[in-house]
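Topology and contacts: notes
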Amino acid sequence: MIKPSKKLNLRRYLLDASCFGFLILIAVFAIFQPSDEIWRNLSLIFGGLLAALLMGAAGSYLLEKLNVETLGSVIFPDRIQSLSALNKRFPRFWLVQLFLFLIVTFVVGAIKTKASFTELFDEDGFNGAVRLFAGLLSPNMDVLPKALVNIIETVFMAFMATALAIPFAFVLSFLCARNIMKHPAAFAVYMFLRTGLNITRSIEALIWAIIFSVWVGIGPFAGMMALMIHSIASLAKQYSEMVESISEGPIEGIQSTGANVLQTIWFAVVPQVILPYISFTVYRWDINVRMATIIGLVGGGGIGTMLIQYQGQAMWPEVGCIILVIAVVVWMMDQASAYIREALK
Amino acid sequence: MDDIQLKISNLNKVYDNGVHALKNVSFNVKKGEFLVVIGLSGSGKSTLLRCINHLHAPTSGQILFENRDITHLSSSEIRGLRKEIGMIFQHFNLIPRHSVLSNVLMGALGRTGTLNSIFKFFSESDRKRALECLNLVGIREKAAIRADQLSGGQQQRVAIARALLQGPKILLADEPVASLDPATCHSVMDYLRKINQELGITIVCNLHFLSLVRQYATRVIALRNGELVFEGSPQNIDESWFRKIYGESAKEVHIN
């Protein structure tokens, strides 16, 4: 008999344990139907989670001993796998596991999102929607000049955010590229910056806008700052991935002439990445115009702020005009950026 | 002993992943010779060349370059060393989007300040010299063309010109013709011989084809699995040596 590999397949246990733990938790909730009181007890929640996870892990260990093919062992197979040793009594256990998991997740999801057909086809609500669409479809063009002034503000907000993000992202991209930061000390800087950028990026631009609308006051400046922070993190990541994928040859070629680090980056790395950089940047501007609209909703200025004002007063024909302006500008930006990116290939 | 330019003793290179690429390699390179290094892929030829100009740091042993110990150097000393050692590569390693002239001028980066080089303020004498180097390899008329529009053989000649602009005392050539067709191959080798004989620049060159070795080398060393297994004149590599270097089942391929 072939010996199974000695190395603990951690990923497999983690996946199976979470899957089983989740199913156990749902079963417990379905059977005992606990009151909302328990959500106030933090230690109970974590204790319950941990217990479920441990039970799941125990279950997955047991199944492994029985040589049952679980989802974890299918997705993360061991290096040495003995097909003949598989348990014959539970063939395709992993398929059952997968479907059970998906069905339970779907049912729980439906309950949690309070999905309801009665509300979707409720007469009052439906009539309201009809009124809204009627308003939107007959836009009031009187607000067009004001909408245009505001969308220009939004486009410039996005432009400034992108433009100001470029130099920061450019410098960061080299400091966040593993193939540049090989030296141990440099690697520490790399890890620090990478982590920082990942955290920055995981905070949505919307949240940054709320932070800056308190910091610098409601208005386009707050929106611009929010977009800039988010753009720096996103561009630096995209740029640095580009730097990581360049070919080493030209670097060796330039290094062998006795060039220093800056010269090597400038002559061997920059020419290889400049076109993708421009392409990413144009796309980022395009994304920023769309995001700037949303950010306006929380006080970032521009067309978004105007939109939320009219929406709050249920002035649907005016809102219709604003949405029309947004749609046209976003479509134009989208086309232009696609055209530029295509031309750069 | 004065004519020994490069003295390598007991050189070892162990990569971070544990691969022992060079094992106690010792040999000398005399001033003005055309030394060819042969061996299978993975025998350590490339590593050997890269240890000489510190593209890879040697692990242990000693390298003497013109009686200077260059085994362990600081990064600024490495840059100083590289100015005196030119190198050309199998894949040319030019900057594709730059012009031929601009590529050649990169040979002067070592003696040009960072800001000056970034704004392309190379000295007048370097510009003149760059054109002379291009002339020497016969492609002066291509100076304004983008490097990636040249054929492989022409790109390798640009790489030679770039290395020449450094004013090197020694030129390392890592498989310079391995990605070229047989006809271009000879043209590039001829230019290497020309700068070896006319400018007196020492050449250490990795090669695959034994027929080229016999034609161009003044002396040969052979590596097998990181060890030096042969040192002598190209005429001395007979059938039995050939099998020793390339393995029992190897057959010699001739290219003309």
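Because the structure is predicted, anything quoted here is derived from the model rather than measured. (Residues numbered from 1 in each chain as written. Chains lettered and ligands numbered in written order. Predicted model: local features only at pLDDT ≥ 70, side-chain atom pairs only at ≥ 80, totals over all residues. Heavy atoms only, no water.)

1. Looking at the overall build of chain B
Basically, it comes down to this: Numbered from the N terminus, helices here are DSSP runs of H or I no shorter than four residues, and strands are runs of E no shorter than two. Contacts are residue-level and defined by heavy atoms, with any inter-residue pair within 4.5 Å sufficient. Per-residue and other accessible areas were derived by the Shrake-Rupley procedure at a 1.4 Å probe size, with only the shown protein chains allowed to occlude residues. None of His or the chain ends enter the tally, which takes Lys and Arg as positive and Asp and Glu as negative. Here the site of a charge means atom NZ of a Lys, CZ of an Arg, CG of an Asp or CD of a Glu.
Scanning chain B from terminus to terminus reveals 9 helices and 10 strands. With the C-alpha coordinates aligned to their principal axes, the bounding extent of chain B is approximately 55 × 45 × 40 Å. Within chain B, contacts between residues separated by at least 24 positions form 69% of all contacts whose residues are at least 6 apart in sequence. A total of about 11,000 Å² of accessible surface is found on chain B, and carbon and sulfur atoms cover 48% of it. The distance from the centre of the 31 positive side-chain charges to the centre of the 24 negative ones in chain B is 5 Å.

2. Observations regarding the interface of chain A and chain B
A common way to state how big an interface is: give the accessible area lost once the parts meet. Under the convention used in this document: In this description, buried area is defined as the sum, over both parts, of the accessible area (probe of 1.4 Å) that is lost when the two are combined. Polar contacts here mean pairs of N or O atoms no more than 3.5 Å apart (in protein, one a potential hydrogen donor and the other a potential acceptor; neighbouring residues in sequence count only if both atoms are side-chain atoms).
Each side of the interface is counted separately: chain A has 18 residues, and chain B has 25 residues. Roughly 1,900 Å² of surface becomes buried between chain A and chain B when both sides are summed, with 62% attributable to carbon and sulfur atoms. On the chain A side of the interface with chain B, the three residues burying the most area are Ser256, Thr257 and Phe267 of chain A, jointly 32% of the side's total. Joining chain A to chain B, the criterion identifies 8 residue pairs in polar contact (both at pLDDT 80 or more).

3. Some remarks on the packing of helix H7 (residues 144-175) of chain A against helix H10 (residues 220-244) of chain A
All names here are of chain A. Rules: To get an axis, a line is fitted to the C-alpha atoms, and for a helix only the part in contact is used. The angle between two axes follows their N-to-C directions and goes from 0 to 180 degrees. Here the word oblique covers every angle except those under 35 degrees (roughly parallel), over 145 (roughly antiparallel) and from 65 to 115 (roughly perpendicular). By definition, turning the near helix anticlockwise from the far helix through less than a right angle yields a left-handed crossing, and turning it clockwise yields a right-handed one. Here the nonpolar group is Ala, Val, Leu, Ile, Met, Phe, Trp, Tyr, Cys and Pro; Asp, Glu, Lys and Arg are the charged ones; every other residue, Gly included, is treated as polar.
Across the interface, H7 lies against H10 with an axial gap of 7 Å and an inter-helix angle of 40°. Here H10 runs oblique to H7, going by the angle between their axes. Between H7 and H10 lies a crossing of right-handed hand. Here the residues of the contact of H7 with H10 are counted per class, giving 21 nonpolar, 4 polar and 1 charged.

4. Quick look at the nonpolar core
Here is the rule: For our purposes a nonpolar core is just a set of buried Ala, Val, Leu, Ile, Met, Phe, Trp, Tyr and Cys residues, chained together by side-chain atoms within 4.5 Å. Relative accessible area decides the class of each residue, using a 1.4 Å probe on protein chains only: under 20% of the type maximum gives buried, over 50% gives exposed, and in between gives partly exposed.
With 99 residues, the main nonpolar core has Ile38, Ile160 and Leu192 of chain B as its most contacted residues. A per-element tally of this core places H10 of chain A first, with 13 residues. Those residues in contact with leucine 192 of chain B that lie beyond four places of it in its chain are Phe34, Ile88, Ile160, Leu171, Ala173, Pro176 and Ile203 of chain B. Within the second largest apolar cluster, 26 residues are counted, among which are Leu22, Val29, Ile63 and Ile221 of chain B.

5. Observations regarding the sheet that holds strand E9 (residues 219-224) of chain B
Residue and element names in this part refer to chain B. The condition is simple: DSSP bridges decide pairing: two strands pair if at least two such bridges lie between them.
Strand order in the open sheet formed by 6 strands is E6-E7-E8-E3-E9-E10, with mixed pairing between adjacent strands. Of all the strands in the sheet, the pair left with one neighbour each is strand E6 (85-88) and strand E10 (227-232). Geometrically, the sheet is characterised by an average inter-axis angle of 20° between neighbouring strands, direction not taken into account. With 4 bridges joining them, E6 and strand E7 (residues 170-173) adopt parallel strand pairing.

6. Re the side chain of arginine 82 of chain B
The condition is simple: Every case where a carboxyl oxygen of Asp or Glu lies within 4 Å of a side-chain nitrogen of Lys or Arg is listed as a salt bridge.
Inspection of the secondary structure assignment puts arginine 82 of chain B in helix H2 (residues 75-84). No salt bridge is formed by the buried arginine 82 of chain B; the nearest opposite charge belongs to glutamate 252 of chain A, separated by 8.5 Å. Beyond its immediate chain neighbours, meaning those up to four positions away, arginine 82 of chain B contacts Gln255, Ser256, Thr257 and Gly258 of chain A together with Asn53, His54, Leu55 and Gln166 of chain B.

7. Observations concerning the domain arrangement of chain A
Our working rule: How far each domain reaches was decided by an automatic or database domain assignment.
Structurally, chain A comprises domain 1 (10-115) and domain 2 (142-344). Each of domain 1 of chain A and domain 2 of chain A was reduced to a C-alpha centroid, and the two centroids are 40 Å apart.

8. Some details on the confidence of the model for chain B
Here is the rule: Confidence of the predictor at the level of single residues is given by pLDDT, which spans 0 to 100.
For chain B, the mean per-residue pLDDT works out to 91, and 97% of the residues sit at or above 70. Per-element averaging of pLDDT across chain B places helix H9 (residues 239-246) of chain B at the bottom with 82 and E7 of chain B at the top with 96.

9. Observations concerning the pattern of salt bridges
Residue and element names in this part refer to chain B. For the structure shown, the criterion picks out 18 salt bridges over all chains. In this structure, the salt-bridge partner of arginine 193 is aspartate 190, at a minimum N-O distance of 3.7 Å. Of this pair, arginine 193 and aspartate 190 both sit in helix H7 (residues 182-198), 3 residues apart, which is roughly one turn of the helix. Judged by relative accessible area, which is 37%, aspartate 190 ranks as partly exposed. If you follow the salt bridges from partner to partner, you end up with Lys31, Glu66, Arg68, Glu84 and Lys169 in one network.

10. Structural notes on the environment of glutamine 90 of chain B
All names here are of chain B. By secondary structure assignment, the location of glutamine 90 is in the loop between E6 and helix H3 (100-105). Accessibility expressed as a relative area gives 27% for glutamine 90, which makes it partly exposed. If we skip the residues at most four places from it in the chain, glutamine 90 touches Gln156, Asp174, Glu175, Ala178 and Ser179.

11. Considerations on the sheet that holds strand E1 (residues 4-14) of chain B
Residues and elements named next belong to chain B. Ordered in space as E2-E1-E4-E5, the 4 strands form an open sheet in which the pairing is antiparallel. The two strands at the open ends of the sheet, each matched to only one other strand, are strand E2 (20-30) and strand E5 (68-69). As judged from the 5 bridges shared by E1 and strand E4 (residues 60-65), these two strands associate in the antiparallel manner. From the neighbouring strand, lysine 7 faces E4, where its bridge partner is leucine 64. Sitting on the sheet, helix H1 (residues 45-52) is in contact with E1, E2 and E4, with an inclination near 120° to E1.

12. Some points on unusual backbone geometry
Residues and elements named next belong to chain B. In this structure, glutamate 175 takes a positive phi of about 50° despite not being glycine. Phi at asparagine 225 takes a positive value of approximately 50°, unusual for a residue other than glycine. Owing to a relative accessible area of 51%, asparagine 225 belongs among the exposed residues under this scheme.

13. A word on the layout of surface pockets
Here is the rule: The distinction between a cavity and a pocket rests on a 1 Å grid over the protein atoms alone: a 1.4 Å probe fits inside a cavity but cannot get out, while a pocket stays open yet meets protein on both sides within 12 Å along at least five of seven lines, and a residue with an atom within 4 Å of a point counts as lining. Grid points are joined across faces, edges and corners, and a volume is the space filled by probe spheres set on the points.
Taken as a whole, the largest pocket encloses approximately 1,400 Å³ of empty space. Along its surface, the largest pocket is lined by 41 residues, and Asn179, Ile180, Lys182, His183 and Gln255 of chain A are the ones closest to its centre. At the level of secondary structure, the elements contributing two or more residues to the lining of the largest pocket comprise H7, helix H8 (184-202), helix H11 (249-255) and helix H12 (261-300) of chain A together with E1, H2 and helix H4 (114-118) of chain B. Residue contributions to the lining of the largest pocket peak at 7 residues, all from H12 of chain A. Approximately 850 Å³ is the volume found for the second largest pocket. As for the second largest pocket, its lining consists of 25 residues, of which Leu25, Ile26, Phe29, Pro34 and Trp39 of chain A are closest to the centre. At 7 residues, the largest contribution of residues to the lining of the second largest pocket is made by helix H1 (residues 10-32) of chain A. For the lining of the second largest pocket, the class distribution of residues is 19 nonpolar, 3 polar and 3 charged.

14. So, empty space enclosed by the protein
Residues and elements named next belong to chain A. The tally for this structure, following the rule as stated, stands at 1 cavity of 30 Å³ or more. Put simply, the largest cavity is a space of about 40 Å³. Forming the boundary of the largest cavity are Cys176, Arg194, Leu197, Asn198, Arg201, Ala236, Lys237 and Ser240. The set of elements that each furnish at least two residues to the lining of the largest cavity consists of H8 and H10. A total of 4 residues in the lining of the largest cavity trace back to one element, the largest contributor, which is H8.

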